[in-house]
Amino acid sequence: MILQPILDLVAICAAQGIRQVVLSPGSRCAPLTLAFARHSEMEVRTISDERSAAFIALGMAQQLKQPVVLVCTSGSAALNYYPAIAEAFFQQIPLLVLTADRPPEWVDQWDGQTIFQEEVYGKQVKKSFRFPDSFAHPDQVWGANRIVNEAIHLSRQFPAGPVHVNIPLREPFYPEQGEAFEFPKQPRTFQVEFPSSPLSAESLATLKQELQGKKRILLVPGQQAANPELLQVLEELVRTKQVVVVADGISNMQGAGSITLHDHWIGKEAFQNELRPDLLITFGKSIISKSLKLFLRKQQVAHWHIQPDGQAKDPFQSLSRVVASEPLPVLRWMLGEIPSQDSSYFQGWQNLESRVSDALPKLLREVEFGEYGALATVLDRTPSSSLIHVANSMAVRYLNFLGRRTQEICCNRGTSGIDGSSSTAVGTAFVREGLVTLITGDMAFFYDRNAFWHNYPLSNLRIILLNNHAGGIFRLIEGPAKQPELAEFFETQQALTAAHLAAEYGFGYDLVRNAQDLDQALATFFEESAAPKILEIESESAQNEAILKSVKEQLRLLIGRD
């Protein structure tokens, strides 16, 4: 039996510009699966593991900046979407989540694959909708149509995010012989305009007045997609010494003159007053550096945050003004309005950046082989055109320690979990023509091995695996590092390598344990190939800890003023 409202749903998605669908096999979702698979404008992929499927869709939507459809069957399948949905919500990535369900009268009646699915994602989605469970009355057909349109628009509206539509479906699920799929050529759709009204003259006058007397302006961009226009304006603000820009790797705003090595000194008490701003301006989402967060919380200075919807986010506990606008027009306006700045303040930040920038590469060349220096070498050899997806835990922290990157950086910092990093990178590679380089640790990599369990080519994917056979980050956190249970219950020591996975999936594979092998492997690693490649850098967790502490101590002595 073919349900026309399901065909209408797919046709509405197509009319609204959605083209990408990720589904997982199941029987209850068969009407959705067949409708999407048979629509000529839809590109449909099937991923068996729902947790991986959701992160793959997230990676695709992150790049496309458009909703990607997720389809799964009823029961626990929907629960496996949850980690990626939470990540999408906090990272503001649009997803249209369609979960097939049993009819409502069969919920909690010991019927198979049945759970309480309505609003199952709670506050981790922008909204949940319940699709009609029958279409006997024309109003039910109209209601289904309205729900699909509203859900798509809501997923796109700032802040973008996941929207859930739960769809109860009755048997029979499959078309009878001779039944044809007839999609409406002009389904009923409606458009929603999202105006981006510029700041009023009155608002700009207020901002100008508040800028007066501000001689030490600090600008901190949070996580966001690469934006060349915005980066160019920031570089001009820095070039003319109007602001100090402190940029983590995930901000994609590490332009010429920005401060990127701040993790090496920002926590020092001696610099608290010297580096204290009198105005903090932020835009984008979260930052990586805990030291920078603590520094900014301690300063308690006036803080402007710029974002279109005017929602109040106050991670530094000093928010004084929300500027309801896109960042670009505000920063362009500031170019001609910022008063003369304290040159010693600007130069103080630059001097610290220069001292660390000059010393760090040499220090990493002199230490024993480990993942810190090895990753520095890898990043130096990674093509500037490659997107880098970096996993959480130590991988993203190393990247931040190593300073300015010219590549676009993506990371799942919405919830900052290690689950789904590989799958997100796979989704990114599905929709991006150029190279995608995944930098990941062993725990994140093996946790998400089903990212590669599908039948789609990934010739543009390169994987840098930092395998210290443990969760090495716990050696650097003061609490667990001091506990006798560290090795067994925090680090989760494991003996796996990626050799068997690479052989099973036909990936290129190199294992390196020293600088010479690394140099040799990198000579061809980024060259074109028919299959993905894994470069596994094997090291010892305790040795990595010693290297990191040694480099940190030598930089401390170089910077001085303890």
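Residues numbered from 1 in each chain as written. Predicted model: local features only at pLDDT ≥ 70, side-chain atom pairs only at ≥ 80, totals over all residues. Heavy atoms only, no water.

Student: Please provide a residue-by-residue account of the overall build of the protein chain, values included.
Tutor: Along its length, the protein chain carries 20 helices and 17 strands. The C-alpha radius of gyration of the protein chain comes to 26 Å, within 12% of the 24 Å expected for a compact globule of 562 residues. Reported as C-alpha extents along the three principal axes, the dimensions of the protein chain are approximately 80 × 65 × 45 Å. Counting the 562 residues in the protein chain, one finds 55% classified as buried. Sequence separation of at least 24 residues holds for 76% of the intrachain contacts in the protein chain that already meet a minimum separation of 6. Counting only carbon and sulfur atoms, one obtains 50% of the accessible surface of the protein chain, whose full area is about 24100 Å². Counting 51 positive and 62 negative side-chain charges, the protein chain places the averaged centre of each group 6 Å from the other. (Helix = DSSP H or I, 4+ residues; strand = E, 2+ residues; numbered from the N terminus. Rg over C-alpha atoms; globule rule 2.2 N^0.38 Å. Buried < 20%, exposed > 50% of the residue type's maximum accessible area, 1.4 Å probe, protein only. Contact = heavy atoms within 4.5 Å. Areas by Shrake-Rupley, 256 points an atom, 1.4 Å probe, with all protein chains shown as cover. Lys, Arg positive; Asp, Glu negative; His and termini not counted. Charge placed at Lys NZ, Arg CZ, Asp CG, Glu CD.)

Student: If you had to explain the sheet that holds strand β11 (residues 319–324) to someone new, which residues and values would you point to?
Tutor: The parallel open sheet is built from five strands, whose spatial order is β8-β7-β9-β10-β11. Strands with a single pairing partner mark the edges of an open sheet, and in this sheet they are β8 (244–245) and β11. Of the strand pairs in this sheet, strand β10 (residues 302–307) and β11 are connected by five bridges, and their pairing is parallel. Residue pairing for β11: I306 is matched across the bridge by V323. Strands in contact with helix α7 (residues 201–211) are β7 (217–221), β9 (279–283), β10 and β11; relative to β11, the strand with the most contacts, it is inclined by about 145°. (Pairing = 2+ DSSP bridges. Axes fitted to C-alpha atoms, helices over the stretch in contact; angles between N-to-C directions.)

Student: Give me the environment of H264: which residues, what numbers.
Tutor: Residue position: H264 is located in the loop between β8 and β9. On the basis of relative accessible area, H264 is assigned to the buried category, the value being 16%. In this structure, the C-alpha to C-alpha distance between H264 and V148, residues 116 residues apart in sequence, is 49 Å. Apart from residues lying up to four places away in sequence, H264 is in contact with V356, L360, Y372, F401, L555 and I559. Of note is the side chain of H264, whose polar atom sits 2.8 Å from the backbone oxygen of F401. (Polar contact = N/O pair within 3.5 Å; in protein donor to acceptor, adjacent residues only side chain to side chain.)

Student: Tell me about the pairing of strand β16 (residues 508–512), residues and numbers included.
Tutor: Pairing analysis gives five bridges linking β16 to strand β17 (residues 533–538), with the strands arranged parallel. Bridge pairing links V512 to I537 in β17. Taking the sense of rotation as the criterion, the β-α-β connection linking β16, helix α19 (residues 515–525) and β17 turns out right-handed. (Right-handed = clockwise from strand over helix to strand, strands pointing away.)

Student: Kindly report on the nonpolar core, identifying the contributing residues and their values.
Tutor: Formed by 89 residues in total, the largest nonpolar core has its most connected members in L218, W265, W349 and Y372. Here this core gets nine residues from one element, more than from any other, and that element is helix α11 (residues 343–366). What W265 contacts, discounting residues up to four positions off in sequence, is I259, F271, L275, W349, L352, E353, V356 and I559. C72, Y81, V120 and F452 belong to the second largest nonpolar core, which has 46 residues in total. (Core = buried A, V, L, I, M, F, W, Y, C linked by side-chain atoms within 4.5 Å.)

Student: Give me the lowdown on the pairing of strand β2 (residues 43–46), citing residues and values where you can.
Tutor: In the sheet, strand β1 (residues 20–23) pairs with β2 via four bridges, with the strands oriented parallel. Residue pairing in the sheet places V21 in a bridge with V44 of β2. For the crossover that starts at β1, traverses helix α2 (residues 30–38) and ends in the parallel β2, the hand is right-handed.

Student: So what about the pattern of salt bridges? Which residues, and what values?
Tutor: Tallying each qualifying case throughout the model produces 20 salt bridges. Between D111 and R102 there is a salt bridge; the shortest N-O distance is 3.0 Å. D111 gets classed as partly exposed once you look at its relative accessible area, which sits at 28%. Given a relative accessible area of 12%, R102 falls into the buried group. Taken together, the shared-partner salt bridges in this structure form one network comprising E105, D133 and R170. (Salt bridge = Lys/Arg side-chain N within 4 Å of Asp/Glu carboxyl O.)

Student: Could you give an account of helix α1 (residues 4–15), naming the residues involved and the relevant values?
Tutor: Its twelve residues place the ends of α1 16 Å apart at the C-alpha level, agreeing with the 16 Å of an ideal helix rising 1.5 Å per residue. Taken across its twelve residues, α1 has ten buried, putting it largely inside the fold. Turning to α1, its buried residues number three or more, namely P5, I6, L7, D8, L9, V10, A11, I12, C13 and A14. Along its buried surface, α1 packs onto α2, β3 (68–72), β4 (95–101), α6 (138–156) and β6 (162–168). Positive phi shows up at G17, right after α1, with a value of about 90°. (Expected span 1.5 Å × (residues − 1).)

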